[in-house]
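# Tertiary structure, described
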Amino acid sequence: MKRIVVFLKMTLYALPLLLSSAHARKLSFEIKYESARLWTMIFLKACKVKIKIHHKNHVPLKEGVFFVVLNGSSVDQEVCFSVFNSPFVSVLSKPKRLFMISRTWQKRMETVVLPTILNEKYFINSQNVMCFTDRYDLISDNLLKLVIEHKYPIILVDIDNAHRIIDDKPQWRTIVDVAINIPIVAEEYADLSLTQLKHLLIQRKEGTIYEHD
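Attention in this report is confined to the structure presented alongside it. All figures in this text were calculated on a predicted structure; none of them were measured in a lab.

### A word on the side chain of R37
One can find R37 in helix α3 (residues 29-47). Salt bridges are absent for the buried R37, whose nearest opposite-charge side chain, E34, sits at 4.0 Å. A polar contact is formed between the side chain of R37 and the side chain of N85, at a distance of 3.2 Å. In contact with R37, not counting residues within four places along its chain, are F81, S82, V83, F84 and N85.

See below:
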């Protein structure tokens, strides 16, 4: 029921969403990102969501970070837009519409859906990359090769309870916890194979290797 209500609310914004996307077409990526964040706030308000952010101080001040999010809901991407002020390019495991209705804003956000390979220009320009994946071992090898080559710090992002927004037994008011983990820096994975790096991500997620001075 809630999913239908939210969808109907967002369809009221369908025309403004389309027009704003067309207007933003020739603007800088940073401005497009801010516009997408504005629509995200409208969408999350329609969903009656409150987001609590934990350990945001773990995000480096310098741009050029590889974030990894395990898919837990259909709105994880929107949750991340609301949390991160700095622009990022999304790499999705499957196609989705932003705000439940918009394909054009995914295009404006330069979102890539696997198996499409992310252009190396994003790494050359030190842009943040957010990878949404079902499992760590399913992260694209080509993507990880770029991460290693450009020595990006890797940050695991945990999103808890987002599935209760509109997916699984939706709650009319939902509190979502977003935890940002300690970065895995290039020195930690420099000598690892791709398989070993993916295993390291699993270990960090499970908390078996989580030391920090």
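### As for the nonpolar core
Grouped together as the largest cluster of nonpolar side chains are 67 residues, with contacts concentrated most on F66 and F84. Tallying contributions element by element places α3 first for this core, with 8 residues. Filtering out sequence-adjacent residues up to four positions away, F66 remains in contact with V129, C131, I139, L143, L144, V147, Y152, P153, I154 and I155.

### Focus: the sheet that holds strand β2 (residues 66-70)
Spatial ordering of the open sheet is given by β1-β7-β6-β2-β5-β3-β4, a layout of 7 strands whose pairing is mixed. The open sheet has two edge strands, β1 (49-54) and β4 (112-113), and neither has a second partner. Bridge count between β2 and strand β6 (residues 154-160): 4 bridges; the pairing is parallel. The residue of β6 that forms the bridge with V69 is V157. Helix α4 (residues 76-83) rests against β1, β2, β3 (88-92), β5 (128-133), β6 and β7 (174-180) of the sheet, and its axis sits at about 165° to β3. With respect to the sheet, helix α7 (residues 141-149) is in contact with β2, β3, β5 and β6, its orientation differing from that of β2 by roughly 145°.

Criteria and thresholds
- Residues numbered from 1 in each chain as written.
- Predicted model: local features only at pLDDT ≥ 70, side-chain atom pairs only at ≥ 80, totals over all residues.
- Heavy atoms only, no water.
- Helix = DSSP H or I, 4+ residues; strand = E, 2+ residues; numbered from the N terminus.
- Buried < 20%, exposed > 50% of the residue type's maximum accessible area, 1.4 Å probe, protein only.
- Lys, Arg positive; Asp, Glu negative; His and termini not counted.
- Salt bridge = Lys/Arg side-chain N within 4 Å of Asp/Glu carboxyl O.
- Polar contact = N/O pair within 3.5 Å; in protein donor to acceptor, adjacent residues only side chain to side chain.
- Contact = heavy atoms within 4.5 Å.
- Core = buried A, V, L, I, M, F, W, Y, C linked by side-chain atoms within 4.5 Å.
- Pairing = 2+ DSSP bridges.
- Axes fitted to C-alpha atoms, helices over the stretch in contact; angles between N-to-C directions.

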